[in-house]
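Chain residues, written in single-letter form:
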Amino acid sequence: MTGNATVLRLEWVADRLVRPALITAAIVVTGVGIFTQQVHVRPLTTVLFVLVTLFALASFLPWDRIPQRPSR
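What you see is a predicted model, and the numbers here were worked out from it, not measured in a lab.

Scanning the protein chain for helices and strands turns up two helices and zero strands. Of all 72 residues assigned to the protein chain, the portion counted as buried reaches 12%. For the protein chain, the accessible area works out to roughly 6,400 Å², and carbon and sulfur atoms hold 71% of it.

So this is what it looks like as structure tokens:
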């Protein structure tokens, strides 16, 4: 039984701490890199960066708690 609790604890740590920290770090590092370096097509790069950032931040939402509609 302790093996299952350990696995669940590791999954919780990975899901709640590691994944958001890595996503946030990637956003920050990429944002700093984009806005401090010479970029050839800055408007396109900025728009794509913002879109990917929004999708990455949306991954923080608890999608498993959203109720599914019953199929007919």
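Next comes the rest of the account.
Now for the environment of arginine 19. Its location among the elements puts arginine 19 in helix 1 (residues 2-36). On the basis of relative accessible area, arginine 19 is assigned to the partly exposed category, the value being 33%. Separated by 40 residues in the primary sequence, arginine 19 and serine 59 have C-alpha atoms spaced 9.4 Å apart. Beyond its immediate sequence surroundings of up to four residues, arginine 19 is in contact with Ala14 and Ser59.

Turning our attention to the nonpolar core. By size, the foremost hydrophobic cluster in this structure holds six residues: Ile23, Ile27, Ile34, Val39, Phe49 and Ala56. Only helix 1 and helix 2 (42-58) provide two or more residues apiece to this core. Dropping the residues within four chain positions of it, isoleucine 23 is found in contact with Ala56, Ser59 and Phe60.

Before going further, it helps to spend a moment on the environment of threonine 36. Relative to the helices and strands, threonine 36 resides in helix 1. Side-chain polar atoms of threonine 36 contact the backbone oxygen of valine 32, separated by 2.6 Å.

With 17 residues, helix 2 extends 24 Å from end C-alpha to end C-alpha; this agrees with the ideal 24 Å at 1.5 Å per step. Listed in full, the buried residues belonging to helix 2 are Phe49, Thr53 and Ala56. For helix 2, the angular spread of the buried residues around the axis is 65°, confining them to a single face. Across from the buried face of helix 2, at angles greater than 90 degrees, the exposed residues are Pro43, Leu54 and Phe55.

Cut-offs used in this document
- All residue numbers refer to position in the chain's written sequence, counted from 1.
- Only residues with pLDDT of at least 70 are given local features in this predicted model, and only at 80 or more are side-chain atom pairs given and counted; all residues enter the totals for whole chains, interfaces and linings.
- Side-chain metrics rest on all non-hydrogen atoms present in the structure, leaving aside hydrogens and water.
- For helices the rule is a DSSP run of H or I covering at least 4 residues; for strands it is a run of E covering at least 2, with both sets numbered from the N terminus onward.
- Each residue's exposure class comes from its accessible area (1.4 Å probe, protein chains only) as a fraction of the maximum for that residue type: buried when under 20%, exposed when over 50%, partly exposed otherwise.
- Per-residue accessibility takes into account occlusion by the displayed protein chains alone, with areas from the Shrake-Rupley method and a 1.4 Å probe.
- Any two residues whose heavy atoms approach within 4.5 Å at even a single point are treated as in contact.
- Joining through side-chain atoms within 4.5 Å is the link that ties buried Ala, Val, Leu, Ile, Met, Phe, Trp, Tyr and Cys residues into a set, and such a set is a nonpolar core.
- Here a polar contact means two N or O atoms within 3.5 Å. Within protein one must be a hydrogen donor candidate and the other an acceptor candidate, and residues neighboring in sequence count only if both atoms are side-chain atoms.
- For a helix, the expected span equals 1.5 Å multiplied by the number of residues minus one.
- Read the arc as the range of directions from the helix axis to the C-beta atoms.

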